[in-house]
Amino acid sequence: MADSAETRKLVYLVTGGCGFLGEHVVRMLLQREPRLYELRVFDLHLGPWLEELKTGPVQVTAIQGDVTQAHEVAAAVAGAHVVIHTAGLVDVFGRASPETIYEVNVQGTKNVIEACVQTGTRFLVYTSSMEVVGPNIKGHPFYRGNEDTPYEAIHRHPYPCSKAQAERLVLEANGRKVHGGLSLVTCALRPTGIYGEGHQIMRDFYHQGLRLGGRLFRAIPASVEHSRVYVGNVAWMHVLVAQELEQRAALMGGQVYFCYDESPYKSYEDFNMEFLGPCGLRLVDTRLLVPYWLLMLLATLNALLQWLLRPLLLYAPLLNPYTLAVANTTFTV
Ligand SMILES: NC(=O)C1=CN([C@@H]2O[C@H](COP(=O)(O)OP(=O)(O)OC[C@H]3O[C@@H](n4cnc5c(N)ncnc54)[C@H](O)[C@@H]3O)[C@@H](O)[C@H]2O)C=CC1
Ligand SMILES: C[C@@H](CO)CCC[C@@H](C)[C@H]1CC[C@H]2[C@@H]3[C@H](O)CC4=CC(=O)CC[C@]4(C)[C@H]3CC[C@]12C
């Protein structure tokens, strides 16, 4: 029944479909959306793994494109029933300029919304981020919060600022008339720190540990708790929201939801050790050796070096004042 041609009618588009989260969304849709007829995977860089997906019952269309190019986005969106917009520039290390981050995250999202309006696509799911809320620059803890918890969301870093702007655009677009006269239904999901298969930062920590003789040095007190969420669950939540938006437009349209699961609340480093420990790494407690002021000094030094070296090379270590502040502030949903 599920595989018959009549039941397969829906066309989905996943932007950023070759990224860490996007790939999981793509695979999840193929497994869990029996009404899927065509799945369009739109990304700046297409992964070779897409080829193996082209042999199944669903037509998988790989589209190499750039969300900052309105015409490319419109061409990809035309005829899609649902857009899952995960494409984004995830950069808290200073690899890209603030302008580029805004161009991709904000202008790219504007282009997706306008493409939906112009072409008559009604359902848009946006991957926002917990960073839209916090941790804020004052380091206020957010402890077991939810969507209604009051929190002073103040940012300076381009990444959270751009995600906050893009999220607002998506939510404000809910109810806009699309081509054909029906209304656009939008919803934003705010994952906490995502982990799972393909997580690059986890790999970076692993390689750092190998370079340091199988050790990592604790920089963050174990008492600072972070929410983390498994990538498969984030993908599943995107699929569920996409499936429910039509039936529950009045309830879910224009809403934002945190995206979390039952992963344990732990410090960023302790959580990573759940995986890196069994891979042979050890977390060495250096709280007394590396006080916070020294870490801050190192982080500031890194930022200075990044700025000085920029004309010559890209110096973008994991530790900078922003990542230190985020890692050092409790944020649990
Ligand atoms: N990694 C995390 O912990 C979290 C990520 N997010 C959000 O989830 C989304 C996906 O993030 P990840 O999978 O972690 O990042 P990623 O970098 O692995 O994936 C992003 C994808 O977007 C694509 N992309 C970037 N610029 C593009 C452009 N101009 N045009 C078309 N495609 C472009 C990239 O090629 C990449 O495949 C992002 O919107 C991010 O803000 C939200 C919360 C946490
Ligand atoms: C002080 C360092 C010494 O080991 C540890 C630095 C850890 C940081 C690289 C990470 C700590 C918290 C992470 C962020 C958090 O999980 C929330 C995020 C949400 C997003 O939308 C994108 C990724 C990130 C900003 C994530 C990035 C890496 C950290 C800052």
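Just so you know, the residues in each chain are numbered from 1, in the order the chain's sequence is written. Here the convention is simple: chains get letters from A, ligands get numbers from 1, in the order in which they are written. Where totals are concerned, whole chains, interfaces and linings use all residues; where local detail is concerned, this predicted model gives features only for residues with pLDDT of at least 70, and gives and counts side-chain atom pairs only at 80 or more. Where side-chain values are given, they derive from all heavy atoms of the structure, hydrogens and water being excluded.

As annotated in an unreviewed UniProt entry, the chain is 3 beta-hydroxysteroid dehydrogenase type 7 from Lynx canadensis. UniProt positions are given in the numbering used here, feature names are shortened, and annotations may be inferred rather than shown by experiment. Listed in UniProt under the heading Subcellular location (unreviewed entry), the comment for the chain reads: "Endoplasmic reticulum membrane". If you open the UniProt record of the chain and go to Sequence similarities (unreviewed entry), you find "Belongs to the 3-beta-HSD family."

1. Points about the nonpolar core
In terms of nonpolar packing, the biggest core is built from 35 residues, with Tyr12, Leu29, Leu39, Ile84 and Leu245 touching the most fellow members. The leading source of residues in this core is helix 7 (residues 231-244), at 6 residues. Two residues qualify as a contact provided that any one of their heavy atoms is within 4.5 Å of a heavy atom in the partner residue. With near-sequence residues (within four places) excluded, leucine 39 lies in contact with Tyr12, Val14, Val26, Leu29, Leu30, Val58, Gln59, Val60 and Thr61. Definition of nonpolar core: a set of buried residues of the types Ala, Val, Leu, Ile, Met, Phe, Trp, Tyr and Cys, connected through side-chain atoms within 4.5 Å. Using a 1.4 Å probe on the protein chains alone, a residue whose accessible area is under 20% of its type maximum counts as buried, one over 50% counts as exposed, and one in between counts as partly exposed. Of all hydrophobic cores here, the second largest spans 26 residues; its members include Val104, Leu124, Tyr126 and Ala173. Under the scheme used here, helices are H or I runs from DSSP no shorter than 4 residues and strands are E runs no shorter than 2 residues, and both carry numbers assigned from the N terminus.

2. Comments concerning the site of ligand 2
In the region of ligand 2, 18 residues are neighbours, and Ser129, Glu131, Tyr159, Gly193 and Glu269 sit closest. Nitrogen and oxygen atoms within 3.5 Å of one another constitute a polar contact, given that in protein one can donate a hydrogen and the other can accept it, and given that sequence-neighbouring residues count only through two side-chain atoms. Taking serine 129, its side chain carries an N or O atom lying 2.6 Å from an oxygen atom of ligand 2. Within the side chain of tyrosine 159, one N or O atom sits 2.6 Å away from an oxygen atom of ligand 2. Using the Shrake-Rupley algorithm and a 1.4 Å probe, accessible areas are obtained, with residue cover drawn only from the displayed protein chains. For ligand 2, whose unbound accessible area comes to 630 Å², protein coverage reaches 90%. Proximity is defined per residue: if any heavy atom of the residue lies within 4 Å of a molecule or strand, that residue is considered near it.

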